[in-house]
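# Structural description and commentary
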Amino acid sequence: MLIVVLSGLRDRWASFLGGFVALALGVGLLATMGLGLSATFHAPERSPQRFASSPVVVQGQDRLTLDVRRGPDTVPVERRLDRPQPVDGGVLRELRARWTVTASGGPDAVGVDAPAAEVRALVGDRARVLTGTERAQADPDPERDARALVALNALLGTSGGVTAFVSVFVVASTFAFAVALRRREFGLLRTAGATPGQIRRLLLTEAAALGVLASAAGCALGALGAPLLARTLVDGGLAPAWFTIGGASWPFHTAFWTGVTVALAGAVAASRRAGKVGPTAALREADVDADALPLGRAVLGTGLLLAGLGLLVWTCATEPSALLKRKTYTTLPMLLITGVALLSPLLVRPAARLLPSRRGAVGTLVRENSAAAVRRTAAVAAPVLVTVALAGTLFGSATSVTRAKEAESREQTAAQYVATGEGLRPVTAPPGAVVSPTGTTSVFVRDGAEAVVKYGARAVADPAAFAELARLPVVAGDLRDLDDRSIVVNEEFERHRVGETVEVWRADGSGPVRLRVAAVLALGTGDNGPYVTRANAPGSALDRIDARGGGAATVRALEASGGTLSPERRAGGNPQNRLGMILVLGIALVYTVIGLANTLLMATSVRGGELASLRLAGATRGQILRVVTGEAALAVAIGTGLGLVVTGVVLGALGAGLAALSAPVVLVLPWTVIGAAAGACATVAVAAAALPAWRLTR
């Protein structure tokens, strides 16, 4: 058996080349992403800056601790405050009475030149005592490294998931199509006495050998590609400047065995079909596919398609805000894509028949050959479907969400001018002008007895001016009722009826305070409330000033605030997110190119007899080349059409979700990205079909 396998690999190396390259690239990308993920698990230990010369730092409490119910018991949970509380005055007096105390940059922390054990004994639980590298927690924004790693972890995890998804798809399609082309070979082996089990073992052994070789090559590629990935992420602003690849070994083990498993999994279904080939297949000459969609594939494809549609409907009905999240519109469409791709042999024949018949002999041959050779057409259309659908759903959903946020932001203010920026200076409203300053803050609210939720909120400096300029989607109550004893909430709050009382802890952990619900807002795209007054937002700094009226005097006043003045506020897209989507789409496009080239090179190379018959029938070499390339282009067009259908379904669900959230429904189909992806696929497909056809017709 092993001799037969090795001989087959040597004689048919060109047929296995595409699968080898796809699998090696997939393993390399998985190893690269794994090495990147391992580097995101822990931020580097930073030396303290603010209190570098103090051996001990005493910091005010920076966490809110509340008891919640877990089953029959209660347990404490912590939520980080926006900023630590000031160090207790009594603690400061006691510290200064015994040791040298250094204040730097604010009342939230002080440095102490004293033994740590003695300081802890004195302070007790009235403040936090930091030593060693923990002193960096008193620096400004100590969580910035952790936040950067969380975002990077999500990006690399998503990219790794797309890599695994597309690699399994391409490798499985490659094996399935290669088996379909070898039906006569298997028929000859059956005629020579080979059993179905021996045929299956032959293919599985080939897959194992290919998987081991490709996985080993992929691990070497991963070791070379990981440092390049780190530099690319840093240069693109997706990772902090200190991000580097570590020396973890588990990504190589994971990638290697994943590659071997993918190769074997891709060959299992193909080997079962190959084992059913009878001896009469050796006499087969026709290229008409009568059994292109086995029952198992039809059931699996239908199940995945229905599951994808069901999850979209369920999410839209129960939690429409989840449709606006990148994780959802990156992963959920994969079920639809896989389902449609598995059912593609059922779809390509009627799609090919849509080509008009009045196109001469070349057009007729393109249409009939594509409809007859369902496996070949579906094998080309499926990877195109994956790329086009990913391009449409990723970029379309992201752009639609961004545009919806922009439209919502424009609709929510009647201001003529908006000044934005960190730490704006307060301004005095000129005569005839209405000026509404607001800032960021947060509030903590119990969600039942089991959870504590931190909400990002807006702090209103002038409730009357705010109510006059704001055009928020109020579903109950009145913004004019907002005062120091009330709050404006959205429908996500557990208690969201006008007049109800909400127990709130402020951004600095003070509280609880009981605030009356003055108004309730629709949830929207996620930026609608809550709103409180400055009295309930300690430490909040102005970052936005809306203004109307007053003419040039208002403009001068806003310019003097130190912010950026614009006629309207725009949400804007995140360039880092866009770069991440380009990375994901690039992975899919590379795999599609490999799959197309491999499939068409294999398919066209075995059509020597068919093309020779066309020459004998009077077809010119140019006509034959147009037939072959026309078939490739038609298959790409079918895949593009199916990808657009999937994109339309996903964007339609997103639009329904936006409508359910009372947000502006702005849907964008990214024609430029889709056109570029489809154009790249068409170029590769035509070239991969034309080259062997040109050689065979010499």
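Please read all numbers here as calculations on a predicted model, not as lab measurements. (Residues numbered from 1 in each chain as written. Predicted model: local features only at pLDDT ≥ 70, side-chain atom pairs only at ≥ 80, totals over all residues. Heavy atoms only, no water.)

As a further point, take the overall build of the protein. Check the secondary structure of the protein and you find 20 helices and 16 strands. The long-range fraction of contacts in the protein, counting pairs at least 24 apart against all pairs at least 6 apart in sequence, stands at 80%. For the protein, the exposed surface amounts to about 31100 Å²; the carbon and sulfur share of it is 59%. Of note, the protein has its 69 positive side-chain charges centred 12 Å away from the centre of its 52 negative side-chain charges. (Helix = DSSP H or I, 4+ residues; strand = E, 2+ residues; numbered from the N terminus. Contact = heavy atoms within 4.5 Å. Areas by Shrake-Rupley, 256 points an atom, 1.4 Å probe, with all protein chains shown as cover. Lys, Arg positive; Asp, Glu negative; His and termini not counted. Charge placed at Lys NZ, Arg CZ, Asp CG, Glu CD.)

Core analysis: the largest hydrophobic core is formed by 90 residues, its most contacted members being Val166, Leu233, Phe243 and Val646. A per-element tally of this core places helix 14 (residues 374-411) first, with 17 residues. One finds Leu92, Val110, Val112 and Val123 within the second-largest nonpolar core, a separate group that totals 16 residues. (Core = buried A, V, L, I, M, F, W, Y, C linked by side-chain atoms within 4.5 Å. Buried < 20%, exposed > 50% of the residue type's maximum accessible area, 1.4 Å probe, protein only.)

Along its 40 residues, helix 7 (residues 196-235) runs 55 Å from first to last C-alpha, staying within 8% of the 58 Å computed at 1.5 Å per residue. Of all the bends in helix 7, the largest measures some 35° and sits at Gly225, one to four residues before the proline Pro227. Gly237 sits one or two positions beyond helix 7 and adopts a positive phi of about 80°. (Expected span 1.5 Å × (residues − 1). Bend = angle between axes of the 7 residues up to and from the residue.)

A grouping of Glu319, Asp447, Glu450, Glu492 and Glu494 is seen on the molecular surface, where their side chains present a negatively charged patch. Residue placement: Glu319 occurs in the loop between helix 9 (295-318) and helix 10 (326-331). (Patch = residues over 30% accessible without salt bridge, like charges linked within 9 Å, V, L, I, M, F, W, Y side chains within 5 Å. Salt bridge = Lys/Arg side-chain N within 4 Å of Asp/Glu carboxyl O.)

This part takes up the pattern of salt bridges. For the structure shown, the criterion picks out 15 salt bridges. When the shortest N-O distance is used, the salt bridge between Asp62 and Arg128 registers 3.0 Å. Separated by 66 residues along the polypeptide, Asp62 in the loop between strand 1 (56-59) and strand 2 (63-70) and Arg128 in strand 6 (residues 128-131) bring together distant segments of the chain. Close ionic contact of Asp478 with Arg480 constitutes a salt bridge, the shortest N to O distance being 2.7 Å. Under the relative-accessibility criterion, Arg480 is labelled exposed at 65%. Residues joined by salt bridges that share partners form a network here, namely Asp62, Arg63, Glu78, Arg80 and Arg128.

With that out of the way, let us pick up a nonpolar patch on the surface. A cluster of nonpolar residues, Leu306, Leu309, Val645 and Val649, forms a patch on the protein surface that exposes about 330 Å² of accessible area. Breaking the nonpolar patch down by element, the ones donating at least two residues are helix 9 and helix 19 (621-660). Mapped onto the fold, Leu309 is located in helix 9.

Let us look at the sheet that holds strand 1. Pairing is antiparallel across the open sheet formed by four strands, whose spatial order is 4-5-1-6. Both outer strands of the open sheet, strand 4 (100-103) and strand 6, are each paired with one neighbouring strand and no more. Each strand of the sheet is rotated relative to its neighbour by a mean of 30°, with strand direction disregarded. Bridging between strand 1 and strand 5 (residues 109-113) involves four bridges; their strand directions are antiparallel. (Pairing = 2+ DSSP bridges. Axes fitted to C-alpha atoms, helices over the stretch in contact; angles between N-to-C directions.)

Here we take up the packing of helix 12 (residues 344-353) against helix 13 (residues 360-372). Running from N to C, helix 12 and helix 13 cross one another at 165°; their axes reach a closest spacing of 8 Å. Judged by the inter-axis angle, helix 12 sits roughly antiparallel to helix 13. Crossing geometry of helix 12 relative to helix 13 is assigned as left-handed. Taking contact as the criterion, the partners of Arg349, Ala352 and Arg353 in helix 12 are, on helix 13, Arg367, Glu368, Ser370, Ala371 and Ala372. Residue composition of the contact of helix 12 with helix 13, by class: three nonpolar, one polar and four charged. (Parallel < 35°, antiparallel > 145°, perpendicular 65-115°, else oblique. Left-handed = near helix turned anticlockwise from the far one by under 90°. Nonpolar A, V, L, I, M, F, W, Y, C, P; charged D, E, K, R; others polar.)

Two numbers describe a pair of packed helices, the interaxial angle and the distance between the axes. For the pair helix 13 and helix 19, interaxial distance at closest approach is 9 Å and the crossing angle is 45°. In this view, helix 13 runs oblique relative to helix 19, as classed from their interaxial angle. Once helix 13 is placed against helix 19, the crossing between them reads as right-handed. Taking contact as the criterion, the partners of Val362, Leu365, Val366, Asn369 and Ser370 in helix 13 are, on helix 19, Gln623, Arg626, Val627, Gly630, Glu631 and Leu634. Across the contact of helix 13 with helix 19, the residue classes break down as five nonpolar, four polar and two charged.

Let us now look at the packing of aromatic side chains. This model, assessed by the stated rule, comprises three aromatic pairs. Ring geometry for Phe256 against Trp257: centres 5.0 Å apart, planes inclined by 90°, an arrangement best described as edge-to-face. (Phe/Tyr/Trp six-rings, centres within 6.5 Å; stacked < 30°, edge-to-face > 60°.)

Let us now look at unusual backbone geometry. Cis peptide bonds are those with omega within 30 degrees of zero, and the linkage from Gly511 to Pro512 qualifies with 5°. Counting through the fold element by element, Pro512 comes out in the loop between strand 12 (501-505) and strand 13 (513-521). Notably, Ser662 is not glycine yet its phi reads approximately 60°, a positive angle. Within the secondary structure, Ser662 sits in the loop between helix 19 and helix 20 (671-696). The exposure class of Ser662 is partly exposed, given its relative accessible area of 47%.

If you trace the backbone, Val532 turns up in strand 14 (residues 531-533). For Val532, a relative accessible area of 0% corresponds to the buried category. A sequence separation of 72 residues divides Val532 from Val460, and the C-alpha atoms of the two residues are 6.1 Å apart.

Within the secondary structure, Thr441 is located in strand 8 (residues 434-447). As for Thr441 and Ser540, which are separated by 99 residues in sequence, their C-alpha atoms are 5.7 Å apart.

Here we come to the environment of Leu611. Among the secondary structure elements, Leu611 is positioned in helix 18 (residues 608-616). Classification of Leu611 as buried rests on a relative accessible area of 2%.

Here the focus is the pairing of strand 11 (residues 486-490). In terms of residue burial, strand 11 counts as a mostly covered element, since five of its five residues are buried. Burial along strand 11 is two-sided: the residues Ser486, Val488 and Asn490 and Ile487 and Val489 are all buried.

If you check which residues of helix 12 are buried, you get Ser344, Pro345, Val348 and Ala352. The arc that holds every buried residue of helix 12, seen down its axis, measures 90°, which confines them to one face. Structurally, helix 12 contributes buried residues whose contacts are with helix 9, helix 11 (333-342), helix 13, helix 14 and helix 19. (Arc of directions from axis to C-beta.)

This part takes up the pairing of strand 12. Where strand 8 and strand 12 come together, two bridges link them in antiparallel fashion. Note on strand 12: the bridge partner recorded for Phe444 is Trp505. In this structure, strand 12 lies alongside strand 13, joined through four bridges in antiparallel fashion. Considered in strand 13, the bridge of Val502 is made with Leu515.

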